[in-house]
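Residue-level listing of the chains:
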Amino acid sequence: MKELVEVIAKALVDHPDEVSVNERQEGRTTVLELHVADGDMGKVIGKQGRIAKAIRSVVKAAAAKENQRVVVDIV
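Residues numbered from 1 in each chain as written. Predicted model: local features only at pLDDT ≥ 70, side-chain atom pairs only at ≥ 80, totals over all residues. Heavy atoms only, no water.

Trainee: Can you walk me through the pattern of salt bridges in this structure?
Mentor: Side-chain pairs of opposite charge can arise whenever the charged atoms involved come near each other. Per the stated rule, a full pass over the model turns up four salt bridges. Ionic pairing is found between arginine 24 and glutamate 26, a salt bridge with its closest N-O pair at 2.1 Å. Taking relative accessible area as the criterion, arginine 24 reaches 35% and is therefore assigned partly exposed. Taken together, the salt bridges that share partners define one network made up of Arg24, Glu26 and Glu33. (Salt bridge = Lys/Arg side-chain N within 4 Å of Asp/Glu carboxyl O. Buried < 20%, exposed > 50% of the residue type's maximum accessible area, 1.4 Å probe, protein only.)

Here it is, written out as structure tokens:
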């Protein structure tokens, strides 16, 4: 899942070298923290959060296929 979020984010931003994803476990849930450059934050979130919602939907669908729970936090 970490790689999926990283690939999607790098395709959206102007500075793909500053994209990083940290993975941590909270019980049965995996939390993916997405870090991007300050100038790219708007591109990852999108108008009214539509891009962020789409990223979360794609990751949730991929995680459900593997019987996992994954949450994406944009930091």
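There is more to say, and it comes next.
Trainee: Just to check I follow, could you spell out the layout of surface pockets for this structure?
Mentor: Left-over empty space is what a probe sized like a water molecule reveals as it rolls over the atoms. Here the largest pocket is characterised by a volume of approximately 160 Å³. Lining the largest pocket are Arg56, Val59, Lys60, Ala63, Gln68, Arg69, Val70, Val71 and Val72. Here the lining of the largest pocket is composed, by residue class, of five nonpolar, one polar and three charged. (1 Å grid on protein atoms, 1.4 Å probe; cavity = no way out; pocket = protein on both sides within 12 Å on 5 of 7 lines; lining within 4 Å. Points joined across faces, edges and corners; volume = space filled by probe spheres on them. Nonpolar A, V, L, I, M, F, W, Y, C, P; charged D, E, K, R; others polar.)

Trainee: How do you make sense of the pairing of strand S2 (residues 29–35) when you look at a structure like this?
Mentor: The two faces of a sheet get side chains in turn, since along a regular strand they alternate between them. Judged by how many residues are buried, S2 sits mostly within the fold: six of seven residues are covered. Of the pairings in the sheet, the one linking strand S1 (residues 20–26) to S2 comprises seven bridges and is antiparallel in character. When the bridges of S2 are listed, glutamate 26 appears paired with threonine 29. The antiparallel hairpin formed by S1 and S2 contains two residues in its connecting segment, where glycine 27 sits at a positive phi of about 70°. With six bridges joining them, S2 and strand S3 (residues 69–74) adopt parallel strand pairing. Along S3, the bridge assignment pairs leucine 32 with valine 72. (Helix = DSSP H or I, 4+ residues; strand = E, 2+ residues; numbered from the N terminus. Pairing = 2+ DSSP bridges.)

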